[in-house]
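Observations on chain architecture
Here's the letter readout for the chains.
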Amino acid sequence: MSLWLVLPRAPPPDAAQSRPLPCREKYLLSTSKWAYSTLWGHNWTTAMASETAEKQATDRRATSDVMHIPGEGGLPVLGLLPELLRDPRGLRSRMQREYGPVFRSRALGQWTVNLTGVDGLQYVMQDKDHNFSSAQGWDLTIGRLFRRGLMLLDFDEHRLHRRMMQAPFKRDALEHYLVSMHDVCRETMARWAQQPDFRGYPAIKQLTLDNAAVAFLGIDLDDDADALNTAFVDTVAASLAPIRVSIPGLAYHRGLKGRALLDTFFRTRIDARKSSTSQDMFTLLCQATTDTGASFSDDDIVNHMIFLLMAAHDTVTSSLTTALHGLAANTQWQERLREEHASLGDGPLTFDDLDKLEQTGWLFNEALRMWGPVPLIPRRAQRSFQFAGHDIPANTQIAISPDSAHYDPSVWSEPLRFDPERFSAERAEHKRHPFAFVPYGGGAHKCIGMRFAEILAKVVLREFLQRFDARLPHGYELAMQPLPIPKPKDGLPLQLISR
């Protein structure tokens with residue numbers, strides 16, 4: 001039994017044409033058509049055509065044949081979901097202590113086998129046997145919301161799409177983005193000093209959206225900004241909606257509406273970009289080709305742009321917000337980074353300057369270690385396998401957690417303490433194991449925009465520290481909403497003192 005609401009699945013699209021339908025099947029077919037058009041907002045013909053193509057990825061529930069794995073299921077129906085939503089890090093730590101590095105858990109009727117620690121991360125992320133499907137792993141939560149984004153493709157198809165998407169992330173493109181990053185930061189931060197109740201998270205969220213609009217789209221969003229921001233917020237939030245039917249007023253409905261708005265925004269601009277001379281990411285993606293001249297379909301472009309803009313917008317916002325908290329809570333680091341940036345002069349950074357900002361990189365990495373933007377990474381096993389003495393059957397839902405490595409005391413000294421120097425060349429704790437530090441994932445699915453995020457972080461921190469001293473309110477303690485992407489529950493109030 002599960003709280004995920006699923007309407008009756010209709011017969012195949014050719015069923016009505018191949019034979020007369022009994023009354024009950026006529027009712028089911030008409031009910032399903034009504035559900036697709038009224039509740040889900042889909043065109044019936046389109047939905048049935050895509051159903052065949054996506055059947056393998058979406059029609060199978062994970063196996064429940066994992067009772068031989070140690071673990072627990074939690075409450076009836078809900079399973080461990082309440083504890084997962086409240087404190088996924090605490091839940092993982094408790095289960096790991098009680099059951100070991102491999103354990104089973106259940107949420108909303110689905111069993112998952114968790115592989116923890118650096119060894120579990122390495123085994124799944126490297127995936128030497130091509131056994132772990134990212135598409136099937138993510139499908140239940142974000143399959144319809146971010147369908148066929150790069151993270152929801154597998155194996156040869158994923159490799160082909162990733163290769164075609166390299167142009168927007170090469171050095172010449174990144175240098176082009178770097179120029180606009182400074183301009184956007186200066187314009188946006190000039191308004192921060194006038195805000196009497198400054199909250200770091202929403203301010204950074206708007207800043208990253210404005211930066212992504214210029215770098216990814218080559219435009220200022222102006223009147224579209226609020227609508228796009230809301231669309232992304234709703235689409236991401238819908239990933240955790242317990243009721244997976246598009247009923248007006250509920251989170252999943254808002255998420256699908258957000259997805260539809262984003263689809264329209266990109267799709268109506270594709271034709272113009274195919275002949276444009278602009279160097280923004282959207283244009284480069286519209287013009288990307290393989291060695292044989294094949295190009296992305298319009299659907300591919302829309303799917304990739306929605307996913308990329310979400311990653312550049314929401315995940316970078318999360319990491320930059322925790323970096324600001326680290327600076328405000330450890331004010332000595334503000335002075336250290338100012339000295340580092342002052343050594344490069346007062347002007348905009350050049351591409352060659354970026355690698356000279358070592359301590360800025362340490363601080364951002366420490367923020368990523370302590371609150372990585374993707375707390376849990378799901379996969380689905382295609383075939384049975386063995387790990388750490390356990391036989392795990394085919395079609396098992398798998399979960400790995402970067403936190404299980406990032407807080408491992410056998411890898412990191414005092415892992416609960418904010419300590420950017422752990423990334424220095426002298427200590428290099430992040431190099432104690434190849435998968436000790438994986439905020440961007442690893443293996444074939446390692447984040448394609450990792451370098452973009454690092455560049456944006458250094459520009460934002462430079463412009464911020466040149467303008468402000470940051471302080472936390474007296475007695476402040478950070479309380480995070482950990483899922484789906486970590487963020488401060490109160491938006492992170494900061495006292496900004498103009499310099």
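Report follows, based on the coordinates.

Rules and cut-offs
- Residues numbered from 1 in each chain as written.
- Predicted model: local features only at pLDDT ≥ 70, side-chain atom pairs only at ≥ 80, totals over all residues.
- Heavy atoms only, no water.
- Core = buried A, V, L, I, M, F, W, Y, C linked by side-chain atoms within 4.5 Å.
- Buried < 20%, exposed > 50% of the residue type's maximum accessible area, 1.4 Å probe, protein only.
- Helix = DSSP H or I, 4+ residues; strand = E, 2+ residues; numbered from the N terminus.
- Contact = heavy atoms within 4.5 Å.
- Pairing = 2+ DSSP bridges.
- Expected span 1.5 Å × (residues − 1).
- Phe/Tyr/Trp six-rings, centres within 6.5 Å; stacked < 30°, edge-to-face > 60°.
- Axes fitted to C-alpha atoms, helices over the stretch in contact; angles between N-to-C directions.
- Salt bridge = Lys/Arg side-chain N within 4 Å of Asp/Glu carboxyl O.
- Lys, Arg positive; Asp, Glu negative; His and termini not counted.
- Polar contact = N/O pair within 3.5 Å; in protein donor to acceptor, adjacent residues only side chain to side chain.

**Quick notes on the nonpolar core**
- Leu-115, Tyr-177, Trp-192, Phe-216, Phe-266, Ile-398 and Phe-452 are the most contacted members of the largest nonpolar core, which has 119 residues in total.
- In terms of residues, this core owes the most to one element, helix H15 (residues 298-329), which gives 15 residues.
- When residues no more than four places from it in sequence are discounted, the contact partners of Phe-216 are Asp-280, Met-281, Phe-282, Met-305, Leu-308, Leu-309, Ala-312 and Phe-452.

**Looking at the pairing of strand E5 (residues 377-381)**
- In terms of burial, E5 is largely enclosed, as five of its five residues are buried.
- Here E5 shows no split at all, with Ile-377, Arg-379 and Ala-381 on one side and Pro-378 and Arg-380 on the other all buried.
- Bridging between strand E4 (residues 132-133) and E5 involves two bridges; their strand directions are antiparallel. Bridging from a neighbouring strand, Phe-132 pairs with Ala-381 of E5.
- Here E5 runs beside strand E8 (residues 397-400); their pairing, made up of four bridges, is antiparallel.

**Things to note about the environment of Ala-251**
- Along the chain, the position of Ala-251 falls in helix H12 (residues 251-267).
- Exposure remark for Ala-251: the relative accessible area of 25% places this residue in the partly exposed category.
- Sequence separation between Ala-251 and Ala-238 is 13 residues; the distance between their C-alpha atoms is 5.3 Å.
- With sequence-adjacent residues up to four places away left out, Ala-251 is seen in contact with Asp-234, Ala-238 and Ala-241.

**Some points on helix H11 (residues 225-237)**
- When the terminal C-alpha atoms of H11 are compared, their 18 Å separation across 13 residues agrees well with the 18 Å that a helix rising 1.5 Å per residue should span.
- Looking only at H11, the buried set comprises Ala-225, Leu-228, Asn-229, Ala-231, Phe-232, Asp-234, Thr-235 and Val-236.
- Among the structural elements, helix H10 (200-217), H12 and H15 are those in contact with the buried residues of H11.

**Some remarks on the pairing of strand E3 (residues 110-115)**
- Counting buried residues in E3 gives six out of six residues, a clear majority hidden from the surface.
- Here E3 shows two buried faces, one formed by Gln-110, Thr-112 and Asn-114 and the other by Trp-111, Val-113 and Leu-115.
- Where strand E2 (residues 102-107) and E3 come together, six bridges link them in antiparallel fashion. If you follow Phe-103 over to E3, its bridge partner there is Asn-114.
- The turn joining E2 and E3, which pair antiparallel and follow one another in sequence, is formed by two residues; a positive phi near 50 degrees is taken by Leu-108.
- The sheet contact formed by E3 and E8 spans three bridges and is parallel. Residue pairing for E8: Asn-114 is matched across the bridge by Ala-399.

**Considering the packing of aromatic side chains**
- Inspection of the entire model under this criterion finds 15 aromatic pairs.
- Residues Phe-132 and Phe-385 carry aromatic rings whose centres are separated by 5.1 Å and whose planes lie at 85 degrees to one another, so their mutual orientation is edge-to-face. Of the two residues, Phe-132 is situated in strand E4 and Phe-385 in strand E6 (residues 385-387); the sequence distance between them amounts to 253 residues.
- Centroid distance Phe-423 to Phe-437: 4.9 Å. Interplanar angle 65 degrees. Geometry classified as edge-to-face.

**So, unusual backbone geometry**
- Of note, the bond from Leu-483 into Pro-484 is cis; its omega dihedral lies within 30 degrees of zero at 0 degrees.
- Tracing the backbone shows Pro-484 in the loop between strand E10 (480-481) and strand E11 (487-488).
- With a phi close to 55 degrees, Phe-155 is a non-glycine residue in the positive phi region.
- For Phe-155, the position within the fold is in helix H8 (residues 155-164).
- With a phi close to 45 degrees, Glu-414 is a non-glycine residue in the positive phi region.
- With respect to the secondary-structure elements, Glu-414 resides in the loop between helix H18 (403-406) and helix H19 (450-467).

**What about the sheet that holds E4?**
- Strand order across the open sheet formed by six strands is E1-E2-E3-E8-E5-E4, with mixed pairing between neighbours. Two strands in the sheet have a free side with no partner beyond their single neighbour: strand E1 (71-72) and E4.
- Each of E3, E4, E5 and E8 is contacted by helix H6 (residues 117-126), which is oriented at about 130 degrees to E8, the strand it contacts most.

**Re the pattern of salt bridges**
- The final tally for this structure, using the stated rule, is 31 salt bridges.
- Among the salt bridges present, the one from Arg-94 reaches Glu-83, with a minimum N-O distance of 3.1 Å. Here Arg-94 is found in helix H5 (residues 88-99), whereas its partner Glu-83 is found in helix H4 (residues 81-86), with 11 residues between them in sequence.
- On the accessibility criterion, Arg-94 (16% relative accessible area) is buried.
- Between Arg-451 and Asp-355 there is a salt bridge whose closest N-O contact spans 3.4 Å. Of this pair, Arg-451 sits in helix H19 while Asp-355 sits in the loop between helix H16 (332-342) and helix H17 (358-370); the two residues are 96 residues apart in sequence, bridging distant segments of the chain.
- Given a relative accessible area of 26%, Arg-451 falls into the partly exposed group.
- Judged by relative accessible area, which is 55%, Asp-355 ranks as exposed.
- Members of the salt-bridge network, linked through shared partners, are Glu-366, Arg-369, Glu-414, Arg-417, Asp-419, Arg-422, Arg-427 and Glu-429.

**Looking at the side chain of Arg-162**
- Secondary-structure assignment places Arg-162 in helix H8.
- The buried charged residue Arg-162 lacks any salt bridge, with Asp-154 as its nearest oppositely charged partner at 11 Å.
- Here Lys-446 takes part through its backbone oxygen, which lies 2.7 Å from a polar atom of the side chain of Arg-162.
- For Arg-162, the contacting residues outside a window of four places in its chain are Leu-150, Ala-444, His-445, Lys-446, Cys-447 and Ile-448.

**Description of the side chain of Thr-63**
- Relative to the elements of secondary structure, Thr-63 occurs in the loop between helix H3 (44-58) and E1.
- Look at Thr-63 and you get buried, because its relative accessible area is 19%.
- A distance of 3.1 Å separates the side chain of Thr-63 from the backbone nitrogen of Asp-65, its partner in a polar contact.
- Dropping the residues within four chain positions of it, Thr-63 is found in contact with Trp-111, Pro-393, Ala-394, Asn-395 and Thr-396.

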